[in-house]
Amino acid sequence: MEPRGDSEQLRALHDEYAQSLLSYVAGLTRDRASAQDVVIDQWRSARRRPEVLADHVPEQTVEDTMQQTVDRQLVHAALQTLSIEHRQALFECYFRGASIAEAADTLGVPPGTVKSRTHYALRALRQAVDGMGGVA
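What counts and what doesn't
- Residues numbered from 1 in each chain as written.
- Predicted model: local features only at pLDDT ≥ 70, side-chain atom pairs only at ≥ 80, totals over all residues.
- Heavy atoms only, no water.
- Helix = DSSP H or I, 4+ residues; strand = E, 2+ residues; numbered from the N terminus.
- Buried < 20%, exposed > 50% of the residue type's maximum accessible area, 1.4 Å probe, protein only.
- Contact = heavy atoms within 4.5 Å.
- Expected span 1.5 Å × (residues − 1).
- Arc of directions from axis to C-beta.
- Polar contact = N/O pair within 3.5 Å; in protein donor to acceptor, adjacent residues only side chain to side chain.
- Core = buried A, V, L, I, M, F, W, Y, C linked by side-chain atoms within 4.5 Å.
- Patch = residues over 30% accessible without salt bridge, like charges linked within 9 Å, V, L, I, M, F, W, Y side chains within 5 Å.
- Areas by Shrake-Rupley, 256 points an atom, 1.4 Å probe, with all protein chains shown as cover.
- Salt bridge = Lys/Arg side-chain N within 4 Å of Asp/Glu carboxyl O.

Engineer: Residue-level account of the side chain of E92, with values.
Structural biologist: Within the secondary structure, E92 is located in helix 4 (residues 84–95). What makes E92 buried here is its relative accessible area of 7%. Once residues lying within four places of it in the same chain are set aside, the contact partners of E92 are G97, A98, A103, T106 and L107.

Given below as structure tokens:
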């Protein structure tokens, strides 16, 4: 493959999954600014590094894909255990990437309520995942 094609494929993957990845990393770091640094800056710096060619490309194992599917289903099921208010707060802040103020405006509640709902929603989500045998 030519390098231009790889770059276009990488950009397409980034465009499709960047927001989901950012939301996931934000959940891990619990800091949106740090998550943006991890997802965006490291992706850009990786583009500047010279490409390294190898004789052997490691194969992706089937378990990785299966585990991602199981994890996705587990999180989906755990989300269904939350109240609608908690799901809305998580959707706005983590999946849409809205700031607290933006989420408050969209949901029609004060910013403190959004903070409280996201805090308790994440706590309940962790408990639900743990109860379903997952690792939060």
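Engineer: So what's going on with helix 6 (residues 111–131)? Which residues, and what values?
Structural biologist: Quick reminder: α-helices carry 3.6 residues per turn. Residues three or four places apart thus point the same way. Under the 1.5 Å per step criterion, the end-to-end length of helix 6 is 30 Å for 21 residues, consistent within 8% with the ideal 30 Å. Looking only at helix 6, the buried set comprises V114, T118, A121, L125, A128 and V129. Buried residues of helix 6, seen end-on, are gathered within an arc of 100° and therefore sit on one face of the element. Residues K115, Q127 and G131 are exposed on helix 6 and point more than 90 degrees away from its buried face. Just past helix 6, the residue G133 takes up positive phi, approximately 90°.

Engineer: Hey, could you go over the side chain of T118 for me, with residue numbers and the actual values?
Structural biologist: Along the chain, the position of T118 falls in helix 6. Classification of T118 as buried rests on a relative accessible area of 9%. Among the polar contacts listed, one links the side chain of T118 to the backbone oxygen of K115, at a separation of 2.9 Å. In this structure T118 touches A89, L90 and C93, once residues within four positions along its chain are discounted.

Engineer: I'd like to hear about the nonpolar core, residue by residue, with values.
Structural biologist: L82, L90, V114 and L125 are the most contacted members of the largest nonpolar core, which has 17 residues in total. Ranked by residue count, the leading element in this core is helix 6, at 5 residues. Discounting chain neighbours no more than four positions away, the residues touching L82 are R87, L90, A121, A124 and L125.

Engineer: Break down a nonpolar patch on the surface for me, with residues and values.
Structural biologist: On the surface, L21, Y24 and L28 cluster together to form a nonpolar patch covering roughly 340 Å² of accessible area. In this fold, Y24 is placed in helix 1 (residues 3–29). Among the residues examined, Y24 registers a relative accessible area of 52% and is labelled exposed.

Engineer: Tell me about helix 4, and name the residues and values.
Structural biologist: Of the positions making up helix 4, those classed as buried are A89, L90, E92, C93 and Y94. Projected down its long axis, helix 4 shows its buried positions confined to an angular sector of 165°, all on one face. Positive backbone phi, at 80°, marks G97, one or two positions downstream of helix 4.

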